[in-house]
Number of protein chains: 4
Amino acid sequence: MSEHKTVAIVGGSGYAGGEFLRLALSHPNLKVTQVTSERSSGLPVSMIHPNLRGRTNLKFIKAAALEDADIVVLALPHNSAAKRIAEFEAKGRVIVDLSADFRLKDPEVYRATYGEDHPTPEKLGEWVYGNPELHREELRGATRIACAGCFATSVVLALYPLVKLGVLLPKDIIATGLVGSSAAGASASDGSHHPERAGSLRVYKPVGHRHTAEAQQELPGHFPLHLTAISTPRVRGILTTAHAWIPDGYSDRDVWSAYREVYGNEPFVRIVKVAKGIHRYPDPMLLDGTNYCDIGFEMDVDTGRVVLMSAIDNLVKGTAGHALQCLNIAHGWEETMGLAFAGLHPA
Amino acid sequence: MSEHKTVAIVGGSGYAGGEFLRLALSHPNLKVTQVTSERSSGLPVSMIHPNLRGRTNLKFIKAAALEDADIVVLALPHNSAAKRIAEFEAKGRVIVDLSADFRLKDPEVYRATYGEDHPTPEKLGEWVYGNPELHREELRGATRIACAGCFATSVVLALYPLVKLGVLLPKDIIATGLVGSSAAGASASDGSHHPERAGSLRVYKPVGHRHTAEAQQELPGHFPLHLTAISTPRVRGILTTAHAWIPDGYSDRDVWSAYREVYGNEPFVRIVKVAKGIHRYPDPMLLDGTNYCDIGFEMDVDTGRVVLMSAIDNLVKGTAGHALQCLNIAHGWEETMGLAFAGLHPA
Amino acid sequence: MSEHKTVAIVGGSGYAGGEFLRLALSHPNLKVTQVTSERSSGLPVSMIHPNLRGRTNLKFIKAAALEDADIVVLALPHNSAAKRIAEFEAKGRVIVDLSADFRLKDPEVYRATYGEDHPTPEKLGEWVYGNPELHREELRGATRIACAGCFATSVVLALYPLVKLGVLLPKDIIATGLVGSSAAGASASDGSHHPERAGSLRVYKPVGHRHTAEAQQELPGHFPLHLTAISTPRVRGILTTAHAWIPDGYSDRDVWSAYREVYGNEPFVRIVKVAKGIHRYPDPMLLDGTNYCDIGFEMDVDTGRVVLMSAIDNLVKGTAGHALQCLNIAHGWEETMGLAFAGLHPA
Amino acid sequence: MSEHKTVAIVGGSGYAGGEFLRLALSHPNLKVTQVTSERSSGLPVSMIHPNLRGRTNLKFIKAAALEDADIVVLALPHNSAAKRIAEFEAKGRVIVDLSADFRLKDPEVYRATYGEDHPTPEKLGEWVYGNPELHREELRGATRIACAGCFATSVVLALYPLVKLGVLLPKDIIATGLVGSSAAGASASDGSHHPERAGSLRVYKPVGHRHTAEAQQELPGHFPLHLTAISTPRVRGILTTAHAWIPDGYSDRDVWSAYREVYGNEPFVRIVKVAKGIHRYPDPMLLDGTNYCDIGFEMDVDTGRVVLMSAIDNLVKGTAGHALQCLNIAHGWEETMGLAFAGLHPA
């Protein structure tokens, strides 16, 4: 029996869908058979994603023309997938949603975060939060995967070992994400106009970032999380710093141990903390196109403050690669399959 | 009698109009009294041009509300100014047009270049081509100034001394302009979307650039000019290289002499050709905000090829600063008035 | 009696000295007569600072050849000025030091911060900390000005009104500075090599930044300050976010009032907090070459957290412009003299 | 019998060697056993090439410690490989040289180009010029491969079909290469210092580029080639435009046919010429990390001028990928092996 699974990507003209398409086209066990786009239906996908020239002859179709597939990947704007979920469930056995629609477990939190009632609250329990480092066991055999948010992923993976170790003091954690322009999507706007954006360092969410809810869900405890998001001149990538507090007496070595214990066998988490050279901490520059989350830290021993640093490619480990890693686990395939790109240097 | 002249800027929400506004607000003899924008009327100009916060309380008005001014500066899209020129002529004695509408002398060339008949061909003779280095005498007392195109300016100033000297061989001249994103204007588009543009080197006009017509008009002779335009990751600036051909026997020193003779007293043209260091030739990096055109060259003595290089800020020497320099001349003011900014290093 | 003062710049081949030179050359009351550089002595200053081509014929001299001047500006590496201060005091009546040598009042803090004893602790009391917004009165007639550090300035100006108002809770303040590459100086290094740096977001000082000491000195109180510095792809500019805590019951409007009261008449501090548009908060993109510090904030009313944001050009309001503003005050000149550049948009 | 070949990389701390290492580590038939670096011997290769963290435990060794390998890849500075070639020939059966030492067939041309006699002119005939599109047959079984220069490759592949077709008129061809900063290598210098380079458009070789010789060797004919090289803010990539001349009567469709005939079956050459959208011509933005050479053109039918455009990643198709493609051919392996990366969008 063939291992090949057919894949339909719904909303494939955006950056998240395009990135999943790129990865899936090179994945040995996947075969992309359909990609939808209302705006670009009829056009070759390589017209919108020109990196795929010569790689595929697929053309965009309308979602209404969607036929069955083994796996349906939803890359739709927020609040679109949930409203139409029955339609997509009819098309495929495994559904991966790249949006925020099924990440939160608690409908109340959803309402507080997104300002409206969840359209299908009864289904929230069916979905696994798509973060392999925290939910690997639940992902095995999963058929509903709600891919984690990109900024949330960078925050959650940075802090998770300290939470798991149970050492975080109940003090406020300030997390700052430096985010590339691709995170805002593929639609042109005044704010994304190159002359207004190229040299900009723009705080776009000083308070109230929506990923706070999912980060807090995944990192339970008594330490309020505060997320601030700043756009940078990069196209891809998130660099997150998070300031957390641990009790007196913990050493740098203790923190090392915690991270090594939790992440030592993770294929896509690297601890980056080097004494010498110019690449001492995580840097998104090195991660474009890769599924790595690099994590480093530094301690301010006088105050018990730990400065966590994490870097990801928002479109890969932050979205499409993370989702593919989940799919690999769900199907029992090698977890790194189709995610082998090492990244470039220089870049 | 006061030297102060009132200025109305028509189409002030774009980059050319905004740049003229910035310069005029600091000009000792100008007083900007009106700035129009159909889209942003009612808003403070500093909402659209945030560099002017605290510099002016002006608000945008609609063009229909325009009142008289000593000087009317038209910063409208191509083919808008000419159609409405009578309307603007009724408002002010001196008209400066930053668009392409009145640059070409020959209506036939206009039609060939812009694909339609000029709406007021009988007026073309009234306008001075706004390039002080070539037309300083005509500009004195001028009341109709058609500001030169940005790419054209970089080509014309690079080649002019060789044309004036009469040494150019009748061979094809290849001129390549590397252009910043601001040259395409302030309106967002798919192509200006930051993720699509930030890392791009995009040939956007390999053949048939419209500035060819005005460059050829200003550089009469038997050397066909071929202009190619490429967009770069910079926001401002044009770097132009032009390959021209001169007879055997001309030395590097001869070319130096030609450029020094023509430009030696020009306040805004610098000859940049340095044997050592890292800033040996013109570089737009050094010119953001300045009215300089830096010009350099190198000879390929074996073949009689001269590689000319010129750099400008497309919005200053390429548009608004050039226009202001023309206005200074037209009014008999110090030519450098309001144009003193030296540029930054590093930048 | 002429108002002109002669200026000697010691260490003029670096970025701080070069920026002071640029500003001083355009200042109506200053005349730069000497610029020293050990490495480049004999060369025209415009060879190293190519933006000054055609602006000055000055050549670098060695410091040993320094003659008297009314004002001596020291732009030397850290710990160089203090060791040789007697030498420079013999040359001019007014000394401005752009380094960190005379900023701290307390020799113990100096030792803790810089790891060695201050060479002339007895002189620390003679110097005014060069921040006009906090020390304007002390600066009048001052002859020893220790220009404030760039990151410190962005932190101090962001937080000062809350400190002055006395409302800060005794909770940890996390301040993160996003810093351009020029802050590391003009010397090439492995880390500043363009291919390694252009796309980088690099945490270079997660804990223990030296400017903490001067920021804490200028912002006395019981709120521990924690500074983290991250390098960005920009060349100039610092964007700082600082998370501070105020009691329940304070509203957004209260914070507005505090900032307006303290900064309402400041010529170079602008409060930037706009509800609409794409330029809602401070952005260093808009400040290259200007002496502005733009400050904004946003409140998280549920938690009493205030997110302060400030932006400066590290070489102008962060160094040379700030120093010039101090000099203007010291001499009783118009405070904005020579600092009128509005900045560019787009940039 | 295993297909695996061992590889030693000599000079592996530079960008060319590091890129070959990255590709070779993922190549199914290669096993990198040694990487030399005099400066970094003893350090993990991932200290210098941080993208390889977690990918390899190799450490740099000194060249003196080199042991035998099936394939020796030389990534040394110009004029180093040739002088020591006997030393390396003793270590491996197949030698790939990434430098310029063995590209030129004619020792006279070598002397004219590099200013000194070739140290081993008798060996020049043993080497195949490493360009699969032109020399695929010679590469089969080859044991000496002189990898083509990056700028030369972009010029040669752009013009080759017109040369092969024999239609080029004997007129001067102007080729302009826009080059990323990685092309200058991994050593920091004043000119590569980020603040001096980040915003720069710098003509670094207006005339006399050394790759002219190899391009002319590979494109024999009576059309003088003139190469101009300009550095851009990008890290990787070359965009080349070349202006060539063909007889009257040739249409756009004729040129299409020529390129399709020559490149239609090439795995790594794509003809990019699209009527609509924002990605109409080759753009190095899309090629980082890939082995593609994208080629487009536009005709100026009035003058018989063809504007060719080509884009490559200078470190992949311009160096290490090109070399690996040659090695695949030499060993009779699938030509695309290890070179499957599609490139990113957005990037």
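Calculation criteria
- Residues numbered from 1 in each chain as written.
- Chains lettered and ligands numbered in written order.
- Predicted model: local features only at pLDDT ≥ 70, side-chain atom pairs only at ≥ 80, totals over all residues.
- Heavy atoms only, no water.
- Salt bridge = Lys/Arg side-chain N within 4 Å of Asp/Glu carboxyl O.
- Helix = DSSP H or I, 4+ residues; strand = E, 2+ residues; numbered from the N terminus.
- Buried < 20%, exposed > 50% of the residue type's maximum accessible area, 1.4 Å probe, protein only.
- Least-squares fit on C-alpha atoms with pLDDT ≥ 70 in both.
- Contact = heavy atoms within 4.5 Å.
- Polar contact = N/O pair within 3.5 Å; in protein donor to acceptor, adjacent residues only side chain to side chain.
- UniProt positions renumbered as here; feature names shortened; annotations may be inferred.

### Let's talk about the pattern of salt bridges
Between side chains of opposite charge, a pair can form when the charged atoms approach closely. In total, this model carries 76 salt bridges over all chains according to the counting rule given. A salt bridge links Lys317 of chain A to Glu133 of chain A; the shortest N-O distance between them is 2.7 Å. One end of the pair, Lys317 of chain A, is in helix H10 (residues 316-331); the other, Glu133 of chain A, is in helix H5 (residues 132-139), with 184 residues separating them in the sequence. For the pair Lys317 of chain A and Glu133 of chain A, one class covers both residues: buried. The salt bridge involving Lys123 of chain D is made with Glu89 of chain D; its shortest N-O contact spans 3.0 Å. Taken together, the residues Lys123 of chain D in the loop between helix H4 (107-114) and strand S6 (128-130) and Glu89 of chain D in helix H3 (residues 85-89) connect sequence positions 34 residues apart.

### Observations regarding the relation of the copies chain D and chain B
A rotation about an axis combined with a shift along that same axis relates the two copies of the chain. Between the two copies, chain D and chain B, the superposition gives an RMSD of 0.0 Å; the rotation angle is 180° and the shift along the axis is 0.0 Å. When the rotation and shift are considered jointly, the pair of chain copies conforms to a two-fold rotation axis. Most of the interface of chain D is mirrored in chain B, where 100% of its interface residues are also at the interface.

### Section: the side chain of His209 of chain D
All names here are of chain D. Looking at the element boundaries, His209 is found in the loop between strand S9 (202-205) and helix H8 (211-218). For His209, a relative accessible area of 12% corresponds to the buried category. A distance of 3.0 Å separates the side chain of His209 from the backbone nitrogen of His211, its partner in a polar contact. Look past the residues within four positions of His209 in its chain and what remains in contact with it is Phe151, Tyr204, Leu227 and Ala229.

### Thoughts on the UniProt feature "binding site: NADP(+)" (unreviewed entry) in chain A
Residue and element names in this part refer to chain A. Here the UniProt feature "binding site: NADP(+)" (unreviewed entry) sits at Ser13, Gly14, Tyr15, Ala16 and Asn314. Looking at where Ser13 falls in the secondary structure, it is placed in the loop between strand S1 (5-10) and helix H1 (15-25). Residues within four places of Ser13 in sequence aside, it is in contact with Thr36, Ser37, Ser40, Ile48, His49, Phe60 and Ala186. Following the sequence through the fold, Ala16 ends up in helix H1.

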